[in-house]
Amino acid sequence: MFVFVVGDLEFFIILLLLQGIARTTKQRRQLIKRMEPLTKENEKLKEALKLIEKNVQRAQRERDLAESNMQDLEYQKGALSKQLATMSE
């Protein structure tokens, strides 16, 4: 077993270092405590973003379907116009 003899100056330096460590630990705890609401808010924002992305995808599918329906109607219009022209002759 080792026994160190520490002078007053060394003891003071060690005490200052330990106080610095304790202060840093306390500051870290305070920072974590302040971050907790931000973490919860971040989770809410992530969920909202997922919903927005789903809505965008659904809107794109609906747009694609509407475009497809429009093309079908234009084709049917053309086919009916040809039939009408044929019947008029």
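Quantities reported herein were computed from a predicted structural model and do not represent experimental measurements.

(A) Here's a closer look at the overall build of the protein chain. In terms of regular secondary structure, the protein chain is built from 1 helix and 0 strands. By the compact-globule yardstick of 12 Å for 89 residues, the protein chain is too spread out, its C-alpha radius of gyration being 37 Å. By its C-alpha atoms, the protein chain is 120 × 25 × 20 Å across when sized along the principal axes. Residues classed as buried in the protein chain amount to 1% of the 89 residues present. Taken as a whole, the protein chain presents about 9100 Å² of accessible surface, with 62% of it coming from carbon and sulfur. The centroid of the 16 positive side-chain charges in the protein chain is displaced by 9 Å from the centroid of its 13 negative side-chain charges.

(B) Region of interest: a nonpolar patch on the surface. Side chains of L9, F12, I13, L16 and L17 sit close together on the surface and give an oily, nonpolar patch of about 500 Å² of accessible area. Counting through the fold element by element, F12 comes out in helix α1 (residues 8-88).

(C) Inspection of the pattern of salt bridges at higher detail. Inspection of every chain in the model, using the stated rule, returns 4 salt bridges. Among the ionic pairs, E43 bridges to K46, the shortest N-O distance being 3.9 Å. With E43 and K46 both in helix α1 and 3 residues apart, the pair spans about one turn of that helix. Take K46: its relative accessible area is 43%, and that puts it in the partly exposed class. Of the charged contacts, one joins K50 and E47 as a salt bridge, the two residues approaching to 3.8 Å between their closest N and O atoms. Within this pair, K50 and its partner E47 are both found in helix α1, separated by 3 residues, close to a single helical turn. Look at E47 and you get partly exposed, because its relative accessible area is 45%.

(D) Up close: the environment of L38. Note that L38 resides in helix α1. What makes L38 exposed here is its relative accessible area of 59%. Taking the C-alpha atoms as reference points, L38 and Q57, separated by 19 residues in sequence, lie 28 Å from one another.

What counts, and at which threshold
- Residues numbered from 1 in each chain as written.
- Predicted model: local features only at pLDDT ≥ 70, side-chain atom pairs only at ≥ 80, totals over all residues.
- Heavy atoms only, no water.
- Helix = DSSP H or I, 4+ residues; strand = E, 2+ residues; numbered from the N terminus.
- Rg over C-alpha atoms; globule rule 2.2 N^0.38 Å.
- Buried < 20%, exposed > 50% of the residue type's maximum accessible area, 1.4 Å probe, protein only.
- Areas by Shrake-Rupley, 256 points an atom, 1.4 Å probe, with all protein chains shown as cover.
- Lys, Arg positive; Asp, Glu negative; His and termini not counted.
- Charge placed at Lys NZ, Arg CZ, Asp CG, Glu CD.
- Patch = residues over 30% accessible without salt bridge, like charges linked within 9 Å, V, L, I, M, F, W, Y side chains within 5 Å.
- Salt bridge = Lys/Arg side-chain N within 4 Å of Asp/Glu carboxyl O.

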